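Geometric and topological summary
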Amino acid sequence: MNILHSLPREDGFYMPAEFEPHEGCFLIWPERPDSWAGGAYAARKAFVKVISAIARWEKVTVFASYNQYENARASLPPQVRVAELSTDDAWARDVSPVIVKNAAGEIRGIDWGFNAWGGLYDGLYFPWDRDNHVARKACDLLDIDCYDRRDFILEGGSIHADGEGTVMVTEECLLSPGRNPDLSREEIEQVLRDNLGAEKVLWLPYGIWGDETNGHVDNICAFTAPGEVVLAWTDDERDPQYERSMADLNYLQSQRDAKGRPITVHKLPLPRPVYVTEAECAALEPMDGEPTRSPGERLAASYVNFYIANGGIILPAFGDPADEQAAAVLQRCFPGREIVPIPARDILTGGGNIHCITSQVPKGNR
Ligand code: KQY
C-alpha cells in the first residue's frame, strides 16, 4: 500500500454513488458498554441480522477486537470475513476509508482525520486514536493505495455522492466548530471538490433534530439515483424536525445538480419519536463517571439511515406504522432491490443506525 499526498481529483479519482455496484462492505463488532446497553448483547444480535442480510449480496468484512474475535467468528455466517483490528467503537461508516474510483475502475481509499464527531469541543468520546487509524489499515487489507487526508476532519456519514459530480452535506455538520474551525465554508467545499471529485456541493441546512453527530447528512437525505433523493419528513408542525425538513426541502427545490438537473425529492416519513427508556439507561455503563444517556431523551430515528446493498435495501425498522410506508417509498425508488427491514432499536440506542455501522467498498477492476 502506498500513502499518497496528491489530490484524488487531479489523479482522476472521484467518489462513486452508494447505489453503484459494491465489492464489499465493512462493519465493526460492537463492544463498548457505555455506547451499547447491556454489554452490547442486544446490539450484537441486531448487527448479526444486518451483516447476514448484506452478506447475501456482498463480501462483508467485520473488524473485531482481540477480546471479541472468537465471539464474532462464532456468531457470524462463514462467508463473512472477521479480522482482528483495534477500534474505539463500532461506527464503520465514519472511520473507514472513503473509496474513490477512476475511469479505468481502479479504487483508492481516503484516510480522513477522525475526532469522534467534534473532538474536545463536543466529541462523543475520548480517546479516538484507534478509530482514527482504521481507514489506513482497511486500505492495507484491501491492498489499495491510500490518500493521507488526516489533516481534515470528516466522517463518511457526513457526505453523500451521486457518482456524477454532486456531493451532498449539511451546514450543521461540516461547519460545526468541532470539525475544521480554521477553514471557511469555501475552503471546506474546495476540499470536497479536490478529494471527492465534486463539481457541485449541495449544502443542506440541517440534519435530524437531536442527532449527536451534529446532523450527519446520512440520517436526513440520501441519493436514490442521479438527480433523486429521499428526505426524512414529518407533517407534524409541532415536531422540532418539521422546520428542519422544510428548510432542507426548500433548499433542494432551489438547486440543480452538477449535470444541471433539478432535484426530485421523495419524502420519506419519519417514525413517531423514539425515546430512551429508564431500563436502557440503567443498562449503559457510565463514561468517565457520567451517564451517557438520560431517560426520555429523543433518539435520532430516521428511515433515511438505510444501506444500499447490491441486491437489497437494508432498512431500519422501529415497530412503527410508518415502517411499511417507508418500505413502500424505497421500493418505488429502488425497484430492482429487495427491501429488507431489520428491527434497529438496539442500534439506534448507540446513537446511529444501519448506514452508520456499514461502509461500502465500491467494485473496482482489480
Ligand atoms: O451516526 C453515526 N454516524 C455515529 C453515531 C455515533 C454515536 C456515538 N454514541
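Basis of the calculations
- Residues numbered from 1 in each chain as written.
- Predicted model: local features only at pLDDT ≥ 70, side-chain atom pairs only at ≥ 80, totals over all residues.
- Heavy atoms only, no water.
- UniProt positions renumbered as here; feature names shortened; annotations may be inferred.
- Helix = DSSP H or I, 4+ residues; strand = E, 2+ residues; numbered from the N terminus.
- Buried < 20%, exposed > 50% of the residue type's maximum accessible area, 1.4 Å probe, protein only.
- Contact = heavy atoms within 4.5 Å.
- Pairing = 2+ DSSP bridges.
- Axes fitted to C-alpha atoms, helices over the stretch in contact; angles between N-to-C directions.
- Core = buried A, V, L, I, M, F, W, Y, C linked by side-chain atoms within 4.5 Å.
- Near = heavy atom within 4 Å.
- Polar contact = N/O pair within 3.5 Å; in protein donor to acceptor, adjacent residues only side chain to side chain.
- Areas by Shrake-Rupley, 256 points an atom, 1.4 Å probe, with all protein chains shown as cover.
- Nonpolar A, V, L, I, M, F, W, Y, C, P; charged D, E, K, R; others polar.
- Expected span 1.5 Å × (residues − 1).
- Phe/Tyr/Trp six-rings, centres within 6.5 Å; stacked < 30°, edge-to-face > 60°.
- Salt bridge = Lys/Arg side-chain N within 4 Å of Asp/Glu carboxyl O.

If you check an unreviewed UniProt entry, the chain appears there as Putative agmatine deiminase from Candidatus Faecivivens stercoravium. Of the comments in the UniProt record for the chain, the one headed Catalytic activity (unreviewed entry) reads "agmatine + H2O = N-carbamoylputrescine + NH4(+)".

Concerning the environment of Gly-364
With respect to the helices and strands, the residue Gly-364 is situated in the segment after strand E19 (359-362). In this structure Gly-364 comes out as buried when scored by relative accessible area, which is 12%. As for Gly-364 and Gly-105, which are separated by 259 residues in sequence, their C-alpha atoms are 5.0 Å apart. With residues near it in sequence (within four places) discarded, Gly-364 still touches Glu-23, Gly-105 and Ile-107.

Quick look at the sheet that holds strand E16 (residues 307-308)
Strand order across the open sheet formed by three strands is E16-E17-E18, with mixed pairing between neighbours. Across the chains shown, the open sheet's two edge strands, defined by having one partner strand only, are E16 and strand E18 (338-343). In the sheet, strand E17 (residues 312-317) pairs with E18 via six bridges, with the strands oriented parallel. Bridge pairing in E18 links Gly-312 to Glu-338. Here helix H11 (residues 322-333) sits on the sheet in contact with E17 and E18, set at roughly 160 degrees to E17.

A short note on the sheet that holds strand E11 (residues 221-225)
Strand pairing in a sheet relies on backbone hydrogen bonds. The paired strands run either parallel or antiparallel. What the three strands build is an open sheet, ordered E11-E12-E13; its pairing is mixed. If you trace the sheet from one side to the other, it starts and ends with E11 and strand E13 (264-269), each paired once. Pairwise comparison of adjacent strand axes, ignoring direction, gives a mean angle of 35 degrees for this sheet. Alignment of strand E12 (residues 228-233) against E13, held across six bridges, turns out to be parallel. Directly across from Glu-228, in E13, lies its bridge partner Thr-264.

A closer look at the nonpolar core
Among the nonpolar cores identified, the biggest contains 68 residues, and Met-168, Leu-196, Cys-221, Leu-252, Leu-268, Phe-306 and Leu-330 are the most heavily contacted of them. For this core, the leading source of residues is H11, giving six residues. Ignoring sequence-local partners within four residues, the contact set of Phe-306 consists of Glu-18, Ala-222, Val-230, Leu-268, Ile-313, Ile-314, Leu-315, Pro-316, Leu-330, Phe-334 and His-355. Counting 54 residues, the second largest nonpolar core, distinct from the first, contains Ala-40, Phe-47, Trp-91 and Tyr-307.

Focus on the site of the ligand
The full set of residues close to the ligand is Trp-91, Asp-94, Trp-117, Leu-124, Glu-212, Thr-213, His-216, Gly-350, Gly-351, Gly-352 and Cys-356. In the environment of the ligand, a nitrogen atom lies 2.9 Å from a nitrogen or oxygen atom belonging to the backbone of Gly-350. Notes on the ligand: free accessible area 300 Å², of which the protein chains cover 95%. Its residues assigned to classes, the shell around the ligand shows four nonpolar, five polar and two charged.

Topic: the pairing of strand E10 (residues 200-204)
Buried residues dominate E10, accounting for four of its five residues. Bridge analysis of strand E9 (residues 166-170) against E10 gives five bridges, and the strand direction is parallel. When the sheet's bridge partners are listed, Thr-170 is paired in E10 with Leu-204.

Digging into helix H9 (residues 240-253)
Taking 1.5 Å of rise per residue, the 14 residues of H9 would be expected to cover 20 Å, and the 21 Å separating its terminal C-alpha atoms lies within 8% of that figure. For H9, the elements touching its buried residues are E9, helix H7 (171-174), E10, E11, E12 and E13. Two or three places before Gln-241, at the start of H9, stands the capping residue Asp-239, its side-chain oxygen 2.7 Å from that residue's backbone nitrogen.

Focus: the packing of aromatic side chains
For any pair of aromatic rings, the description rests on two quantities: the centre-to-centre distance and the angle between the ring planes. According to the stated counting rule, one finds ten aromatic pairs in the structure shown. Between Phe-114 and Trp-117, the ring centres sit 5.0 Å apart and the planes meet at 85 degrees, which makes this aromatic pair edge-to-face. Looking at Phe-114, the relative accessible area reads 3%, which means it is buried. Relative to Phe-334, the ring of Phe-306 has its centre 6.0 Å away and its plane inclined at 75 degrees; by these criteria the two rings are edge-to-face.

Focus on the UniProt feature "active site" (unreviewed entry) in the chain
Under the present numbering, the feature "active site" (unreviewed entry) in UniProt falls on Cys-356. Within the secondary structure layout, Cys-356 lies in the loop between helix H12 (345-348) and E19. Setting aside chain neighbours within four positions, we find Cys-356 in contact with Trp-91, Ala-92, Arg-93, Asp-218 and Asn-305.

Some remarks on the pattern of salt bridges
Summed over all chains, the structure comprises 22 salt bridges. Linking Asp-88 and Arg-130 is a salt bridge whose minimum nitrogen-to-oxygen distance equals 3.9 Å. A residue pair is termed long-range when its members are at least 10 positions apart, and Asp-88 in the loop between strand E4 (81-84) and helix H3 (92-95) and Arg-130 in helix H5 (residues 129-132) qualify at 42 residues. We classify Arg-130 as partly exposed; its relative accessible area is 44%. In this structure, Asp-239 and Arg-298 form a salt bridge, with 3.1 Å as the shortest nitrogen-oxygen distance. One end of the pair, Asp-239, is in the loop between E12 and H9; the other, Arg-298, is in strand E15 (residues 298-299), and 59 residues separate them in sequence. Through salt bridges with shared partners, a single network forms among Asp-111, Arg-136, Asp-148 and Arg-150.

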